[in-house]
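This is what each chain is made of:
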Amino acid sequence: MTAAAIQALSVAGVSHAYGTRKALDDVSLTVGQGRFAALLGLNGAGKTTLLSLITRLFDTKSGSIAVLGHRIDRAPGQALRQLGVVFQARTLDLDLSVRDNLLFHAALHGIAGRAARDRTAAVLAGVDLADRARDKARNLSGGQMRRVEIARALLHQPRLLVLDEPTVGLDVASKLAIVAQVRTLVRDLGVAVLWTTHLLDEIEPSDDVAILHRGRLMAAGLVSDVVARTGTASLGSAFAALTGGARDVAA
Amino acid sequence: MTGPARAEPPAGFTLAQYLICLRGITWREALRFVHQRERFVSALVRPLVWLFIFAAGFRQILGVSIIPPYETYVLYEVYVTPGLIAMIQLFNGMQSSLSMVYDREMGNMRMLLVSPFPRWFLLVAKLLASTAVSILQVAAFLVVAVLWGVELPPWAFVTVLPALILCGLMLGSLGMLLSSMIKQLENFAGVMNFVIFPMFFASSALYPLWLVQQSSPVVYFICRLNPFTYGIELIRFSLYGRFDPLALAVVVAATAVFMTGAIVAYDPARGLLVRRGGGPG
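The sections below set out a description of the structure shown in this document. Everything numeric here is computed off the predicted structure, so don't read it as measured data. Each chain has its residues counted from 1, running along the sequence as written. Each chain is given a letter, starting from A, and each ligand a number, starting from 1, according to the order in which they appear as written. Side-chain atom pairs in this predicted model are given and counted only at pLDDT of 80 or more, local residue features only at pLDDT of at least 70, and totals for whole chains, interfaces and linings cover all residues. For side-chain calculations, the full set of non-hydrogen atoms in the structure is used, while hydrogens and water are omitted.

**A word on the overall build of chain A**
When you go through chain A residue by residue, the secondary structure sums to 8 helices and 10 strands. The rule is simple: take the accessible area with a 1.4 Å probe, protein chains only, and divide by the maximum for that residue type; under 20% is buried, over 50% is exposed, in between is partly exposed. Here chain A, with 251 residues, has 59% of them falling under the buried criterion. Exposure was quantified through the Shrake-Rupley algorithm and a 1.4 Å probe, taking into account, for residues, occlusion by the shown protein chains and nothing else. With an accessible surface of roughly 9600 Å², chain A has 51% of that area assigned to carbon and sulfur atoms. For helices the rule is a DSSP run of H or I covering at least 4 residues; for strands it is a run of E covering at least 2, with both sets numbered from the N terminus onward.

See the structure below:
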């Protein structure tokens, strides 16, 4: 793998403050190409802030962020092209059909005509929603909307997919379906994933994990390594040990 | 195999891709407008209420003398029509720009801003799209106005088009700038009270400025400072195939200032997204 030297995502020494409140304090982490990395933290840990910096909604004032080697501040166009995003808030246009939502996204990436239609059909098939293409987004269930958003994020064939707590507010069945689907998709497409969550059951031992607590990175690496390093038996107890007994993550 | 074999796409976009993006943004804006039926109806009813009722009452009270671009005495309905066209554009510009920052639309704005196209281009495309929608509204209004008996030159629909584009861009970029600057304007009622009504009434929309000057030099002065006045005059003159250089200059300059301000405000380093930042996580 010659491309392995370039990280899909590289975050180096990033800090961010809202006024005087420090949301991120010197955070560094990497996601290798084709890897599934979980960003684990409680509410308020700084996960969404980090994602806002990665997606260039806010400017990175200290530290640097690069997607596939493209600095988000210096070459935002190239970095954003390689990036697919699923925000925590719903971002489908409810008045438009599923298909029109995806075609709009294609246009935002300069893709039109046959290429746009073909890719739309392909990504919808990838999330098993090909038959809902003409339905209004409003008529989908929460889980289906999320799957459309995932399909949309993959439409321009990015090599890094970031998802901000994509399973929040979904029932157990939809949640499991989405986790499994994203894992299959990224394995088949070779896309790297940064998946923020506070739910331990979405993380597998072979994933990478970065644990964020009150804006600071407490640990990062292969899940099994992080568990071994803390001398604990499971990721749950490792998380508790690292965050000083914050046990309200769902085991 | 997991290794992605795709080649890196070339940096930048072709002109054709820019046009695809612009078309996509315009198409979505138009679809949204059509789907939100109540918005379409209210956009049409609002100026028609003024035309049918207000103008009918006012024509007896207010005599409009012969002032350029008019060459004869005109009915009040005729005088007020350019002002109502501009009002349509004012409402539309505020609505579409400010709706971006309401929670309902915030997600869509986020999706727009993570597009790899340059941000200035995305914002300008958004403005062009909302201007195109406002021109559709104006066209619908003009058809009804002509049927109602407002007399316009037959080519007015064509000659007014450049003025509508400019005026739409000016008001849309003002809305976009406001959306980034003023936190208090969280709902549309606030915008109505503090932006739309003052701009509309302190302008040449409802009465010629020489009438205003006779009754209050101060209000006259305010009207002269209001860029909306010049948008109206640009539209008024171009309806008759005439050209008002001062109005054009002011509208172009105001558009440039508002648009630059909006682009700066939406720069990730500054502006509303940072100040609105926060939220959980």
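Still more to cover.
**Some remarks on the sheet that holds strand β10 (residues 216–222) of chain A**
All names here are of chain A. Criterion used throughout: strands pair if DSSP finds at least two bridges between them. Strand order in the open sheet formed by 6 strands is β6-β7-β8-β3-β9-β10, and the pairing between neighbours is mixed. Each end of this open sheet is capped by a strand with a single partner; those strands are β6 (83–86) and β10. Sheet twist, expressed as the average angle between the axes of neighbouring strands with direction ignored, equals 15°. With 4 bridges joining them, β6 and strand β7 (residues 160–164) adopt parallel strand pairing. Paired with V85 across the two strands is V162, which belongs to β7. Whether two residues are in contact is decided by their heavy atoms, any of which lying within 4.5 Å being enough. With axes taken as lines fitted to C-alpha atoms, and helix axes fitted only over the stretch in contact, angles between N-to-C directions fall between 0 and 180 degrees. Where helix α6 (residues 172–189) meets the sheet, it contacts β3 (36–40), β7 and β8 (192–197), and its direction lies at approximately 160° from that of β8. Against the sheet, helix α8 (residues 235–242) engages β3, β9 (208–213) and β10, with an angle of about 30° to β9.

**Some remarks on the side chain of A:E149**
The residue A:E149 is located in helix α5 (residues 142–154) in this model. Not counting chain neighbours up to four residues away, the residues in contact with A:E149 comprise A:V86, A:A89, A:R90, A:T91 and A:L92.

**Focus on the packing of aromatic side chains**
Residues and elements named next belong to chain B. Geometry of aromatic contacts follows a simple scheme: Phe, Tyr and Trp rings, the Trp one being its six-membered ring, pair when their centres are within 6.5 Å, and the pair is stacked under 30 degrees between planes, edge-to-face over 60, tilted otherwise. For the coordinates displayed, the defined rule picks out 19 aromatic pairs over all chains. Linked through ring pairs, W50, F54, Y70, Y76, Y79, F197, F200, F201 and Y240 together constitute an aromatic cluster. Each ring is checked for a lysine NZ or an arginine CZ that lies within 6 Å of its centre and within 35 degrees of its normal; such an atom marks a charge sitting over the ring. Here the basic side chain of R46 rests over the ring of F91, its NZ or CZ set 3.7 Å away from the ring centre. The ring of Y79 is capped by R236, whose NZ or CZ atom sits 4.0 Å from the centre of that ring.

**Remarks on the side chain of A:H109**
Mapping A:H109 onto the fold places it in the loop between α3 (98–108) and α4 (113–126). The residues contacting A:H109, other than those within four sequence positions of it, are A:L80, A:H156, B:F13, B:P116 and B:F117.

**So, the interface of chain B and chain A**
It is common to report an interface's size as the accessible area lost on association of the parts. Tallying the contact residues gives 42 residues for chain B and 48 residues for chain A. With both chains or domains summed, chain B and chain A bury close to 4000 Å², and 58% of this area falls on carbon and sulfur atoms. Salt bridge, as used here: a side-chain nitrogen of Lys or Arg that lies within 4 Å of a carboxyl oxygen of Asp or Glu. Taken together, the connections running from chain B to chain A amount to 2 salt bridges. For B:R32, the salt bridge identified is with A:D93, shortest N-O distance 3.1 Å. N or O atoms within 3.5 Å of each other form a polar contact, as long as, within protein, one can give a hydrogen and the other can take it, and as long as residues adjacent in sequence are counted only when both atoms are side-chain atoms. For the interface between chain B and chain A, the tally reads 6 residue pairs in polar contact (both at pLDDT 80 or more). Of the residues forming the side of chain B that touches chain A, the biggest block, 10 residues, is contributed by helix α1 (residues 15–35) of chain B. Accessible area, probed at 1.4 Å, shrinks when two parts are joined; the buried area is that loss added up over both.

**Details of the environment of A:S10**
Residue and element names in this part refer to chain A. In this structure, S10 sits in strand β1 (residues 9–18). Note: C-alpha distance between S10 and L68 (58 residues apart in sequence) is 8.0 Å. Setting aside anything within four residues of it in sequence, one finds S10 in contact with L29, T30, S64, I65 and A66.

**A look at α4(A)**
Residue and element names in this part refer to chain A. Helix length check: α4 (14 residues) gives 20 Å between terminal C-alpha atoms against 20 Å at 1.5 Å per residue, within 8%. For α4, the set of buried residues is A116, T120, V123 and L124. Down the axis, α4 shows its buried residues gathered within 100° of arc, on one side only. Where α4 is buried, its residues meet α3 and α5. Looking one or two residues past α4, D128 carries a phi angle of roughly 60°, positive in sign. One fewer than the residue count of a helix, multiplied by 1.5 Å, yields its expected span. Working note: the arc is built from the helix axis to C-beta atom directions.

**Considerations on the environment of A:T30**
All names here are of chain A. On the secondary structure map, T30 appears in strand β2 (residues 21–31). Between the C-alpha atoms of T30 and L194, which are 164 residues apart in sequence, the distance is 9.6 Å. In this structure, T30 is in contact with Q7, L9 and S10, ignoring residues within four places of it in sequence.

**Let's talk about the packing of α3(A) against α4(A)**
Two measures define how a pair of helices packs: the angle their axes make with one another and the distance between the axes. Residues and elements named next belong to chain A. At their nearest, the axes of α3 and α4 sit 10 Å apart, and the two run at 125° to each other. As far as their axial angle goes, α4 and α3 are oblique. α4 is crossed by α3, and the crossing has right-handed handedness. Contacts from V98, R99, L102, L103 and A106 in α3 reach A116, R117, T120, V123 and L124 in α4. Throughout, the term roughly parallel applies to angles under 35 degrees, roughly antiparallel to angles over 145, roughly perpendicular to angles from 65 to 115, and oblique to all others. For any pair of crossing helices, the crossing counts as left-handed if the nearer helix is rotated counterclockwise from the farther one by less than a right angle, and right-handed if it is rotated clockwise.

**With respect to unusual backbone geometry**
Peptide bonds are, in most cases, trans, and in most cases residues other than glycine have a negative phi. Here the phi dihedral of A:D26 falls at roughly 55°; this positive angle occurs in a residue that is not glycine. Looking at the secondary structure, you find A:D26 in strand β2.

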